[in-house]
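Read off the chains here:
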Amino acid sequence: MNQTLTNNKSIYLETFGCQMNVLDTQLVKGQLQSLGYAFTDSWQSADVIIYNTCSVREHAENKVWSRVGEIGIHKKQNPHVILGIIGCMAERDGKDMIRKHPQIDLLCGPGELDKVPMLIDNRLKTDLEERGGVRNADIALQGNTHRRTATLSAAQDTLEMLDLSRAFDPDTHEGSAYVRITRGCNKFCTYCVVPNTRGGEVHRHPDHIVEECKKLVEQGVKEITLLGQTVNHYHYDTNATITIEGVHQPQIGQILSPNRGTGGPSPVFSDGVVSFADLLARIHDEIPNLQRLRFITSLPRDFGNDILQVIKDRPRICRYLHLPVQSGSNRILKLMNRGYTVEEFKDLIDRVREYLPDAELATDIIVGFPTETEEDQQQTAELLRYCKFKNSFIFKYSPRPGTVAIDRFEDDISNDTKKRRNNELLNIQSEISKEIHEAYVGKTIPVFVEAISRKTIKARENAADPAVTIGWEKPQEITQLTGRTDGDLIVVFDGDASLIGITVDITIDQASPLTLFGSQAAAVNASSNNA
Ligand code: 5AD
Ligand code: SF4
């Protein structure tokens, strides 16, 4: 029987990787929900299983491969189940993936995600008989030969519709939301697979971005995080907007950086060009009810003082910058094609400290890049001590197919050495993180409350069901909540779950390298009565 009814199908959708993937999942899910699909948390009971994947490191891919193997076994008993791989792995591995794993029914790259509903629908409608017993996969990939290379091809960009189709349902939004400003990347750092999987840099029209933020805030969102691989390169020339059927089309990113290596905006800016600084100012000023505006990730190469000034002047833009430095050695930075020197990076850190003395910084580091010596490692350690990041995400170099580095350099640093270097840097970072966190003890700071802590959730899962505990008065439940400061430090405190999504003042009384512990200013007085 043909399965033409799609609205009685349930989907399990799991996300791997970065915040961009989290947002992609939300948007794809919204589209599928509007078509009547139900979502389930149990892959065992789902009709459609979809993995939104990440290719940045081999480790991330291995997790998906083991899931694919598991589903292969599951499908032997449940042949009607559809397995879809979407996101970066689909684009990177392409049809090869299906040759090796015939249990995969559909593939969709990150540049084609608007097509996921159509791919699922095709698969559900097309049974084995119609395909003569051969299950060909349904595929939507951008493909290396079809990169968007001209303004015209950006004008035909249908992915913008995915962002524009976002569902604005107050019941589905929590206090925080992601909004995309730029897709893709054309910086071609030699180790990085992202330009291959997500394609070149494409910037969304500022009006679309502001409108999306406004609608989210109207629906109760309090905190928005702007997303892009290199947000500070956001650049939209409104004089050159192409509008098709009322939709302002995205624009291809410039090869030339907007303000390369300088402390301020460069002369390429002209009337009608919206820079990242302009965009931040617009969102902040036009949406007074937005409590917090964040953005990730910045490329250290072109971070002008214009951006720092806009943040300084606007209290609701967070004092937090994620500035991935990758290495403290100029030789390695050059091999990585990062486009800045250690001295330029330090200059940026100095400028941030000057403009935003209360800002917290975080970074990403890769250890064991090909040819990295102990001296290079020491230089990275020195840079960590200089910059005093609140935390560093430290990764062991992982050669990725399709990157320049895998072709050009041998992966000559042993895994043991990578591990040791990783631990050395983690230890240094841990001391710095502790110092930074301890400096907050005794202070009262605003905290945006995000969720019930994992500790409380676990305790509740493990606790006996209170409904069957007869003869005992139910003890007053203590809920531990987690939130973040303006500087993105994690704060844990006891409070009522109704505080989630709002900002409260917390007095910090304890610190660990990763977390601040405190109590709500008003609650301190209340609980002192019980002591
Ligand atoms: N190997 C290890 N780490 C990588 N990253 C990106 N590509 C690789 C790779 N091939 C890290 C970088 C980047 C973060 C998202 O992942 O530090 O900033
Ligand atoms: Fe990858 Fe470099 Fe682009 Fe970041 S800037 S996504 S590391 S190529």
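Calculation criteria
- Residues numbered from 1 in each chain as written.
- Chains lettered and ligands numbered in written order.
- Predicted model: local features only at pLDDT ≥ 70, side-chain atom pairs only at ≥ 80, totals over all residues.
- Heavy atoms only, no water.
- Axes fitted to C-alpha atoms, helices over the stretch in contact; angles between N-to-C directions.
- Helix = DSSP H or I, 4+ residues; strand = E, 2+ residues; numbered from the N terminus.
- Parallel < 35°, antiparallel > 145°, perpendicular 65-115°, else oblique.
- Left-handed = near helix turned anticlockwise from the far one by under 90°.
- Contact = heavy atoms within 4.5 Å.
- Nonpolar A, V, L, I, M, F, W, Y, C, P; charged D, E, K, R; others polar.
- Buried < 20%, exposed > 50% of the residue type's maximum accessible area, 1.4 Å probe, protein only.
- Pairing = 2+ DSSP bridges.
- Near = heavy atom within 4 Å.
- Polar contact = N/O pair within 3.5 Å; in protein donor to acceptor, adjacent residues only side chain to side chain.
- Phe/Tyr/Trp six-rings, centres within 6.5 Å; stacked < 30°, edge-to-face > 60°.
- Lys NZ or Arg CZ within 6 Å of the ring centre and 35° of its normal.
- Expected span 1.5 Å × (residues − 1).
- Areas by Shrake-Rupley, 256 points an atom, 1.4 Å probe, with all protein chains shown as cover.

### Concerning the packing of helix α13 (residues 342-355) against helix α14 (residues 374-387)
Viewed as axis vectors pointing N to C, α13 and α14 meet at an angle of 15°, and their least axial separation amounts to 11 Å. Overall, the two elements α13 and α14 adopt an arrangement that is roughly parallel. Pair α13 / α14 crosses with right-handed handedness. Here V342, F345, K346, I349, D350 and R353 of α13 lie close against α14, whose contacting residues are L383, Y386 and C387. Tallied by class, residues from the contact of α13 with α14 come to 6 nonpolar, no polar and 3 charged.

### Some points on unusual backbone geometry
I296 connects to T297 through a cis peptide bond whose omega is -5°. Looking at the element boundaries, T297 is found in the loop between β16 (292-296) and α11 (305-313). One non-glycine residue, T371, lies in the positive phi region at around 75°. Backbone geometry at K388 places phi at a positive 50°, although glycine is not the residue there. Within the secondary structure, K388 sits in the loop between α14 and β19 (391-396). According to the relative accessible area criterion, K388 is partly exposed, its value standing at 36%.

### Notes on the sheet that holds strand β8 (residues 182-183)
Read across the sheet, 3 strands follow the order β8-β9-β14 without closing on themselves; strand pairing throughout is antiparallel. For this open sheet the edge positions go to β8 and β14 (251-252), each flanked by a neighbour on one side alone. Looking at chain direction, strand β9 (residues 202-203) and β14 are connected through 2 bridges and run antiparallel. In the sheet register, V202 faces β14, and the bridge partner there is I252.

### Considering the packing of helix α10 (residues 276-286) against α11
Where α10 meets α11, the closest approach of the two axes is 8 Å, and the angle between their N-to-C directions is 15°. With respect to α11, the element α10 is oriented roughly parallel. Considering the relative orientation of α10 and α11, their crossing is left-handed. Seen from α10, the contacting residues are F276, A277, L280 and A281; seen from α11, they are D306, I307, V310 and I311. Partitioned by chemical class, the residues of the contact of α10 with α11 number 7 nonpolar, no polar and 1 charged.

### Side note on the environment of V404
Here V404 shows up in helix α15 (residues 404-408). C-alpha separation for the pair V404 and V193, spaced 211 residues apart in sequence, amounts to 9.1 Å.

### Some details on the site of ligand 2
Around ligand 2, the structure places C185, K187, F188, C189, Y191, C192, V194, P195, Q229, T230 and R338. Here the residues of the shell around ligand 2 are counted per class, giving 7 nonpolar, 2 polar and 2 charged.

### Examining the environment of S398
Tracing the backbone shows S398 in the loop between β19 and α15. The sequence separation of S398 and N415 amounts to 17 residues, and the corresponding C-alpha distance is 10.0 Å. Excluding anything up to four places from it in sequence, S398 contacts R57 and E58. A polar contact of 3.0 Å, which involves the side chain of S398, links it to the backbone nitrogen of E58.

### Remarks on the packing of aromatic side chains
Taken as a whole, this structure holds 6 aromatic pairs when the rule is applied. Look at F276 and F295: their rings are 5.0 Å apart centre to centre, the planes differ by 80°, and that puts the pair in the edge-to-face class. Residue F276 is located in helix α10, and its partner F295 is located in strand β16; the two are separated by 19 residues in the primary sequence. Taking the centre distance of 5.2 Å and the plane angle of 65° together, the rings of F369 and Y397 count as edge-to-face. Within this pair, whereas F369 is found in the loop between β18 (360-367) and α14, its partner Y397 is found in the loop between β19 and α15, the two being separated by 28 residues in sequence. An aromatic cluster is defined as three or more aromatic residues linked by ring pairs; in this entry it consists of Y340, F345 and F389. Cation over ring: K29 sits above F39, and NZ or CZ is 5.1 Å from the ring centre. In this structure, K443 is placed above the aromatic ring of Y440, and the distance from its NZ or CZ to the ring centre is 5.5 Å.

### Some words on the pairing of strand β24 (residues 515-520)
Of the strand pairs in this sheet, strand β22 (residues 490-494) and β24 are connected by 4 bridges, and their pairing is parallel. From the neighbouring strand, F493 faces β24, where its bridge partner is G518. The sheet contact formed by strand β23 (residues 503-511) and β24 spans 5 bridges and is antiparallel. Bridged to Q510 within β24 is F517.

### A look at α13
Each α-helix turn comprises 3.6 residues. Residues three or four places apart therefore point the same way. An ideal rise of 1.5 Å per residue puts 20 Å on 14 residues; α13 measures up with 20 Å between its terminal C-alpha atoms. Buried positions along α13 lie against α11, β17 (320-322), α12 (330-336), β18 and α14.

### Observations concerning the site of ligand 1
Around ligand 1, the surrounding shell consists of V56, R57, Y191, Q326, D364, I366, F395, K396, Y397, S398 and R400. Take Y191: an N or O atom from its main chain is 3.1 Å from a nitrogen atom of ligand 1. A distance of 2.7 Å is found between an oxygen atom of ligand 1 and a side-chain nitrogen or oxygen belonging to Q326. Look at ligand 1: alone it shows 410 Å² of surface, and the protein chains cover 85% of it. Here the shell around ligand 1 is composed, by residue class, of 5 nonpolar, 2 polar and 4 charged.

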